[in-house]
Amino acid sequence: MRVLSGIQPTGRFHWGNYFGAIRQYIDLQDNDQAFYFIADLHALTTIRDPERLRELSRDAAVDLLALGLDPERATLFRQSDVPEIPELTWLLMTVTQMHLLEKCHAYKDKKAKGIAADAGLFTYPVLMAADILLYDSDIVPVGADQIQHIEVTRDIAQRFNSIYSEDVFVLPQSHVVEATGKIPGLDGEKMSSSYDNTIEVFLPPKKLRKKIMSIKTDSTPVEEPKDPDRCAVFALYRLFASEAEQAALAARYRAGGMGYGEAKQTLFEAADANFSPARAKREELVANPAVVDDVLRDGARRAREKGREVLDRARSACGLTRRAN
Ligand code: TRP
């Protein structure tokens, strides 16, 4: 069973990304064959600063490894290191109906706002279909916002198969990963880079503490009882604490006499302890860039090996020559 997902390097990972998706991806690496890649070709539709793209792509790889992605079990690569992807994208493009892409949300939203879209944004879902179909992926873990793209992938695969041959592409299933409960950001709204309210996973302790201290809370005085279920600090604490620890902090909220500053300090200590091993691992990887290069090189090699086989199947089905390898 092949599990595959792509991660766009559009910013440093924050708690919303980690608890909402990345942690689940890492847990899925125990499946037979997990492929994860840094979707730098997709990121080109939004990032136009080459230095920043290079840095963010690299950081994404380092962060994933530091957070526990194990290259012995999973294959990690950069999308742009697999030239079979853009080649397959073209083959798929020739059978993709415009109306499928016209209804996809990234493009539709832009158009609704009157912003001109590039062909890259319009055809983004076809590139994503190539990412998925190239390795006979069975399961694609994604956030709910990507379900539409997996549906489009299935439609494109089905159309190609029905025009040429039923045995070219495997139809993938989406597997929705979600955080348990809402992950609020600094302002209490859903944590998201578009709201500028994020807490990044790899903040050094001092900065982490400062961010946590800036979480918005209400103005209930210290002595008064407080409602943990309406407090962003408590919601975030739940991500790190055991049931017993959660119950203990909830009791202190309800008893009164505890200010939000104390709750924030408790959250800081839990988060800091939780991410401290990953931070140490990250430092080690940053000090040994060759290790990361090797992982990415080996990942691309493994991905291309499988990719060439599927691409050949597609080339041959539609009347192109097989590649001499
Ligand atoms: N579009 C996805 C996102 O923004 C990233 C992505 C690119 C992806 N290619 C993929 C996810 C293939 C799953 C499978 O989150």
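Residues numbered from 1 in each chain as written. Predicted model: local features only at pLDDT ≥ 70, side-chain atom pairs only at ≥ 80, totals over all residues. Heavy atoms only, no water.

**Examining the packing of aromatic side chains**
Under the counting rule described, the total for this entry stands at 18 aromatic pairs. Measuring from centroid to centroid gives 5.5 Å for Tyr 18 and Phe 275, while their planes differ by 75°, and the two rings are edge-to-face. Of the two residues, Tyr 18 is situated in helix 1 (residues 15-27) and Phe 275 in helix 13 (residues 260-287); the sequence distance between them amounts to 257 residues. Each of the two residues, Tyr 18 as well as Phe 275, counts as buried. The ring centre of Phe 35 lies 4.0 Å from the NZ or CZ of Arg 2, which sits over that ring. The cationic tip of Arg 282 hangs over the ring face of Phe 202; the distance from NZ or CZ to the ring centre is 5.4 Å. (Phe/Tyr/Trp six-rings, centres within 6.5 Å; stacked < 30°, edge-to-face > 60°. Helix = DSSP H or I, 4+ residues; strand = E, 2+ residues; numbered from the N terminus. Buried < 20%, exposed > 50% of the residue type's maximum accessible area, 1.4 Å probe, protein only. Lys NZ or Arg CZ within 6 Å of the ring centre and 35° of its normal.)

**Quick notes on the packing of helix 3 (residues 50-66) against helix 13**
Running from N to C, helix 3 and helix 13 point in directions that differ by 130°, and their axes come no closer than 8 Å. When the axis of helix 3 is compared with that of helix 13, the two are oblique. For the crossing formed where helix 3 meets helix 13, the hand is right-handed. Every residue of helix 13 that contacts helix 3 at Asp 59, Val 62, Asp 63, Leu 65 and Ala 66 is listed here: Ala 278, Lys 281, Arg 282, Leu 285 and Val 286. Considered class by class, the residues forming the contact of helix 3 with helix 13 number six nonpolar, no polar and four charged. (Axes fitted to C-alpha atoms, helices over the stretch in contact; angles between N-to-C directions. Parallel < 35°, antiparallel > 145°, perpendicular 65-115°, else oblique. Left-handed = near helix turned anticlockwise from the far one by under 90°. Contact = heavy atoms within 4.5 Å. Nonpolar A, V, L, I, M, F, W, Y, C, P; charged D, E, K, R; others polar.)

**Remarks on the site of the ligand**
The immediate surroundings of the ligand are formed by 14 residues, with Gln 8, His 42, Tyr 124, Asp 131 and Gln 146 found nearest. In this structure, Gln 8 approaches the ligand through a side-chain N or O atom, which is 3.2 Å from an oxygen atom. In this structure, Asp 131 approaches the ligand through a side-chain N or O atom, which is 2.8 Å from a nitrogen atom. Compared with its free state, where it exposes 370 Å², the ligand has 89% of that area covered by protein. Put simply, the parts of the chain that give the shell around the ligand at least two residues each are strand 1 (2-7), helix 8 (124-133) and strand 4 (139-142). (Near = heavy atom within 4 Å. Polar contact = N/O pair within 3.5 Å; in protein donor to acceptor, adjacent residues only side chain to side chain. Areas by Shrake-Rupley, 256 points an atom, 1.4 Å probe, with all protein chains shown as cover.)

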